[in-house]
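For reference, the chains in residue letters:
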Amino acid sequence: MRLASYVRDLHCDALRFTKDDQKERQMSTTPQPADAMSQALEDIDVSRPERFRDDTWQDWFARLRNEDPIHYCKDSPNGPYWSVTSHADIKAVDTNHAVFSSEAKGISIVEPREEDGGIENFIAMDPPRHDQQRKTVTPSVAPTNLATMEPLIRERVIDILENLPVGETFNWVDRVSVELTARMLATLFDFPYEDRRKLVYWSDITTNIPQVTGIEIDMAERQAGLQECAVTFYQLWQQRAAEPPKFDLISMLAHGEATKDLINDPMGLLGNIILLIVGGNDTTRNSISGGVIALNQYPKEYQKLREDAALIPNMVSEMIRWQTPVIHMRRTALEDYNLSGKHIKKGDKVVMWYLSGNRDEQVFPEADKFIINRDNARQHVAFGFGVHRCMGNRLAEMQLRVLWEEIQTRFSRVEIVGDVVRLPNNFIRGISEVPVVLHPH
């Protein structure tokens, strides 16, 4: 199959990242002390993945916001880059696609090699190409479709919750966060339900690469997984293209005027499928996990929830702000530009740290705290801003709202009873273990 051969020959940076490459890059980086205030300002590198694993990133970003909100890091494992850390400056960059390009070198801090091939998708495109491809699948999450989907989401949430062990310790991430996300992805793609966990696996291997985690992985396994993903969706695409149009994402792409020829562009096809899988997986999944952590960390807020379930919609926005599942997005400057007094040069890497913007005290008083009735929780930038704002943001919010509505009818408390395990990753704020015990009313 032609698509399979494309994937086998795919030599993107992630697949060619060797141990020697990693050692060379690590040797070139400046040592970082544990205390953010002890580091020389010019040597701060906020991209270090261990800080997100250890949940120790807060002081580093706070220092940049206070002292140097548009900060140049001259040396990191992924080369030099600008950090944009304030809420206002992030919005300024995210809305100026004429100067700050997604298409030039992608959306991740990872620096691609010019000689390597790449996977295209519409989030890594600039208008007008971005707009043409995005509008093809946007109807799947239009308000009318979301209203139709809500009963199904509720049915699946209830099934998950009714089958959880009460009074026994289990991993909330696996039994709830991952399972609900897998079920919804299978629904959106009209994917074989019994194979739904493959979608989560493919999402994980896409984002868990050494450049963003600092951990060596089995690249052969990753390549095999991406090949299986490509072949599977190639076959699904052919089936949907031969059928009348439906409202699943594959059918929409196969019949969309701007995307129907992706079948002849294997990297574009695989790229857009992976984008939709990752987008549907990481935001919802890690916000579900992060929400439980937040309520346990701030028990007074949990009491507010118990006393007034009408706070759930606003709480969902606050959970997404507080968790910020996508840590950063990268842009590349297409021309010299003055950004809040800093001279950005053409070709410079500019990284918007959404996680930092959502903790900006100038916008969110007591920003590090989780406050379920926060007045401006919806002003967060966790979904991005401008033309690249997350297409599925309303769907993610609806899943979280329905989940917490159903939790509150059954359980007085979801109690964390062990250590939370976070992932070392500077792109996705991932959580792998949240041991909990359920307490019924």
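Residues numbered from 1 in each chain as written. Predicted model: local features only at pLDDT ≥ 70, side-chain atom pairs only at ≥ 80, totals over all residues. Heavy atoms only, no water.

Trp-172, Phe-233 and Trp-404 are the most contacted members of the largest nonpolar core, which has 77 residues in total. The greatest single-element share of this core, amounting to 12 residues, is contributed by helix 13 (residues 266-297). If you look at the next biggest cluster of nonpolar residues, it comprises 22 residues, including Trp-82, Val-99, Met-329 and Ala-333. (Core = buried A, V, L, I, M, F, W, Y, C linked by side-chain atoms within 4.5 Å. Buried < 20%, exposed > 50% of the residue type's maximum accessible area, 1.4 Å probe, protein only. Helix = DSSP H or I, 4+ residues; strand = E, 2+ residues; numbered from the N terminus.)

What follows is about the pairing of strand 8 (residues 349-353). Among the five residues of strand 8, five are classified as buried, and the element is accordingly described as predominantly covered. Burial along strand 8 is two-sided: Lys-349, Val-351 and Trp-353 facing one way and Val-350 and Met-352 facing the other are all buried. Two elements, strand 2 (residues 81-84) and strand 8, share three bridges in a ladder whose sense is parallel. Residue pairing across strands places Trp-82 opposite Val-350, the latter belonging to strand 8. As paired elements, strand 5 (residues 328-333) and strand 8 share five bridges and run antiparallel to each other. Note on strand 8: the bridge partner recorded for Arg-330 is Val-351. (Pairing = 2+ DSSP bridges.)

A complete count under the given rule lists 13 aromatic pairs for this structure. Taking the centre distance of 6.0 Å and the plane angle of 65° together, the rings of Trp-202 and Phe-233 count as edge-to-face. With Trp-202 in helix 9 (residues 196-207) and Phe-233 in helix 11 (residues 219-241), the pair connects residues that are 31 residues apart, well separated along the chain. In this structure Trp-202 comes out as buried when scored by relative accessible area, which is 2%. (Phe/Tyr/Trp six-rings, centres within 6.5 Å; stacked < 30°, edge-to-face > 60°.)

Along helix 4 (residues 58-67), the residues classified as buried are Gln-58, Trp-60, Phe-61, Arg-63, Leu-64 and Arg-65. Lining the buried residues of helix 4 we find helix 3 (49-54), strand 1 (70-73), strand 2, strand 8 and helix 16 (354-357). (Contact = heavy atoms within 4.5 Å.)

What follows deals with the environment of Val-414. If you trace the backbone, Val-414 turns up in strand 9 (residues 411-416). The exposure class of Val-414 is buried, given its relative accessible area of 1%. In the structure, Val-414 is positioned 112 residues away from Tyr-302 in sequence and 9.7 Å away in space, judged by C-alpha atoms. Apart from residues lying up to four places away in sequence, Val-414 is in contact with Trp-172, Val-292, Asn-296, Tyr-302, Ile-407, Val-436, Val-437 and Leu-438.

What follows covers the packing of helix 8 (residues 172-189) against helix 9. In the contact formed by helix 8 and helix 9, the axes pass within 8 Å of each other and the chain directions differ by 105°. Accordingly, the angle class assigned to the pair helix 8 and helix 9 is roughly perpendicular. Seen from helix 8, the contacting residues are Asp-174, Val-178, Glu-179, Ala-182, Arg-183, Leu-185 and Ala-186; seen from helix 9, they are Arg-196, Arg-197, Leu-199 and Val-200. For the contact of helix 8 with helix 9, the per-class residue count stands at six nonpolar, no polar and five charged. (Axes fitted to C-alpha atoms, helices over the stretch in contact; angles between N-to-C directions. Parallel < 35°, antiparallel > 145°, perpendicular 65-115°, else oblique. Nonpolar A, V, L, I, M, F, W, Y, C, P; charged D, E, K, R; others polar.)

A separate point is the confidence of the model for the protein chain. Any segment with low pLDDT has predicted coordinates that should not be analysed in fine detail. For the protein chain, per-residue confidence averages 86 on the pLDDT scale, and 85% of positions sit at 70 or higher. Counted against residues more than four places away or in other chains, residues 1-28, with its pLDDT under 50, gives 63 contacts. (pLDDT = per-residue confidence, 0-100.)

Residue placement: Leu-423 occurs in the loop between strand 10 (421-422) and strand 11 (431-433). With 370 residues separating them along the chain, Leu-423 and Arg-53 place their C-alpha atoms 4.8 Å apart. With sequence-adjacent residues up to four places away left out, Leu-423 is seen in contact with Phe-52, Arg-53, Gly-430, Ile-431 and Ser-432.

Another aspect to go through is the pattern of salt bridges. Under the definition given, this model contains 34 salt bridges. Asp-368 is paired through a salt bridge with Arg-359; the nearest N and O atoms lie 2.9 Å apart. Taking the relative accessible area as the measure of exposure, Asp-368 reaches 36% and is therefore partly exposed. Given a relative accessible area of 3%, Arg-359 falls into the buried group. A single salt-bridge network, built from bridges that share partners, covers Glu-150, Arg-154, Glu-162, Arg-401, Glu-405, Glu-406 and Arg-410. (Salt bridge = Lys/Arg side-chain N within 4 Å of Asp/Glu carboxyl O.)

Here we take up the sheet that holds strand 8. Pairing in this open sheet of five strands is mixed, and the strands run 1-2-8-5-3 from one edge to the other. Two strands close off the open sheet at either side, each with one partner strand: strand 1 and strand 3 (100-101). Across two bridges, the pairing between strand 3 and strand 5 is antiparallel. Note that in strand 5 the partner of Phe-100 across the bridge is Ala-333. The sheet strands contacting helix 5 (residues 87-94) are strand 1, strand 2, strand 3, strand 5 and strand 8, and the helix crosses strand 8 at an angle near 130°.

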